[in-house]
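# Structural overview
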Amino acid sequence: MSLYDDAVLVLKGYEGYEGYEDQEELRRSYLEHLAARPDGMWKSCDAGHVTASALVVDPGRGRVLLTLHRKLRMWLQMGGHCEPGDPTLEAAALREATEESGIPGLTLLPGGPVRLDRHPIPAPCNWHFDVQYAVLAPPGAVHEISEESLDLRWFGYDEVAKVADESVVRLLEATRARL
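Just so you know, these numbers come straight off a predicted model, no measurement behind them.

### Overview of the overall build of the chain
- Check the secondary structure of the chain and you find 5 helices and 8 strands.
- Taken from the N to the C terminus, the helices and strands of the chain come in the order α-α-β-β-β-β-α-β-β-β-β-α-α.
- Taken over the C-alpha trace, the chain has a radius of gyration of 15 Å; the compact-globule value for 179 residues is 16 Å, and the two agree within 12%.
- With the C-alpha coordinates of the chain rotated into their principal frame, the extents come out at 45 × 35 × 30 Å.
- Here the chain holds 179 residues, and 49% of them are scored as buried.
- For the chain, the proportion of contacts with a sequence separation of at least 24, taken over those separated by at least 6, is 69%.
- Of the roughly 8800 Å² of accessible surface on the chain, 53% is carried by carbon and sulfur atoms.

Right under this line is the structure:
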């Protein structure tokens, strides 16, 4: 199965979670995007492309690891572009989280994507159709800053709204509801 086929299956099965009515509309728009663009998984698709991200969570200590994105200069979850070697969206999200956090042994929170978030990006690509997962940090996890980050920092659940935008706050809310 190709990454494209996996993405379509994941999106067809995605139900979101109670309290976020926009998720069904987003799910349909993601599927329409992919149906119209066989290259819709890749950065080269000018109409936008699917990305995979993951919120790194340490539920035992009530905190999340955020990255200060080098280009955007915003505190965000780990994530980015799908690569040809990624067999699934889950694998892409886990790869991105591991690469950007430097933490080995991350595990996906069961149940598939936690949220969808479509956001504009500078031309020529126009849109990221982000499929958002959550990953659990192993006990005693030590992070390491990657080239894509200016900083990495653990934030308590109650601190996230003070440093990150609404998309990260909504991702944290959805993750905590699943936990």
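### Some remarks on the layout of surface pockets
- Here the largest pocket defines a volume of roughly 910 Å³.
- Considering the residues around the largest pocket, the lining is formed by 34 residues, among which His69, Leu72, His81, Ile121 and His128 are closest to the centre.
- Looking at the lining of the largest pocket, the elements that each hand over two or more residues are strand S1 (49-58), strand S2 (63-69), strand S4 (78-81), helix H3 (89-101), strand S6 (115-120) and strand S7 (127-136).
- Split by residue class, the lining of the largest pocket holds 8 nonpolar, 13 polar and 13 charged.

### A short note on the packing of helix H1 (residues 3-13) against helix H2 (residues 22-36)
- Closest axis-to-axis distance for the H1/H2 pair is 10 Å, and the angle between their directions is 155 degrees. The orientation of H1 relative to H2 falls into the category roughly antiparallel. Where H1 crosses over H2, the two elements pack in a sense that is left-handed. Judged by residue contacts, Tyr4, Ala7, Val8, Leu11 and Lys12 of H1 engage Arg27, Tyr30, Leu31, Leu34 and Ala35 from H2.
- When its residues are assigned to classes, the contact of H1 with H2 shows 8 nonpolar, no polar and 2 charged.

### A look at the nonpolar core
- The biggest cluster of nonpolar side chains holds 32 residues, and the ones touching the most others in it are Met41, Val56, Leu89 and Val131.
- Broken down by secondary-structure element, the contributors of at least two residues to this core are H1, H2, S1, H3, S7 and strand S8 (149-156).
- Discounting residues that sit within four places of it in the chain, leucine 89 has contacts with Leu3, Asp6, Ala7, Val10, Met41, Val50, Ala52, Cys82, Val131 and Tyr133.
- By size, the runner-up hydrophobic cluster in this structure holds 19 residues, among which are Leu109, Val114, Phe155 and Tyr157.

### A word on the side chain of serine 149
- Counting through the fold element by element, serine 149 comes out in strand S8.
- What makes serine 149 buried here is its relative accessible area of 1%.
- A distance of 2.4 Å separates the side chain of serine 149 from the side chain of threonine 67, its partner in a polar contact.
- Leaving out residues up to four positions away in the same chain, serine 149 has contacts with Thr67, Leu68, Arg70 and Glu100.

Thresholds, definitions, all that
Residues numbered from 1 in each chain as written. Predicted model: local features only at pLDDT ≥ 70, side-chain atom pairs only at ≥ 80, totals over all residues. Heavy atoms only, no water. Helix = DSSP H or I, 4+ residues; strand = E, 2+ residues; numbered from the N terminus. Rg over C-alpha atoms; globule rule 2.2 N^0.38 Å. Buried < 20%, exposed > 50% of the residue type's maximum accessible area, 1.4 Å probe, protein only. Contact = heavy atoms within 4.5 Å. Areas by Shrake-Rupley, 256 points an atom, 1.4 Å probe, with all protein chains shown as cover. 1 Å grid on protein atoms, 1.4 Å probe; cavity = no way out; pocket = protein on both sides within 12 Å on 5 of 7 lines; lining within 4 Å. Points joined across faces, edges and corners; volume = space filled by probe spheres on them. Nonpolar A, V, L, I, M, F, W, Y, C, P; charged D, E, K, R; others polar. Axes fitted to C-alpha atoms, helices over the stretch in contact; angles between N-to-C directions. Parallel < 35°, antiparallel > 145°, perpendicular 65-115°, else oblique. Left-handed = near helix turned anticlockwise from the far one by under 90°. Core = buried A, V, L, I, M, F, W, Y, C linked by side-chain atoms within 4.5 Å. Polar contact = N/O pair within 3.5 Å; in protein donor to acceptor, adjacent residues only side chain to side chain.

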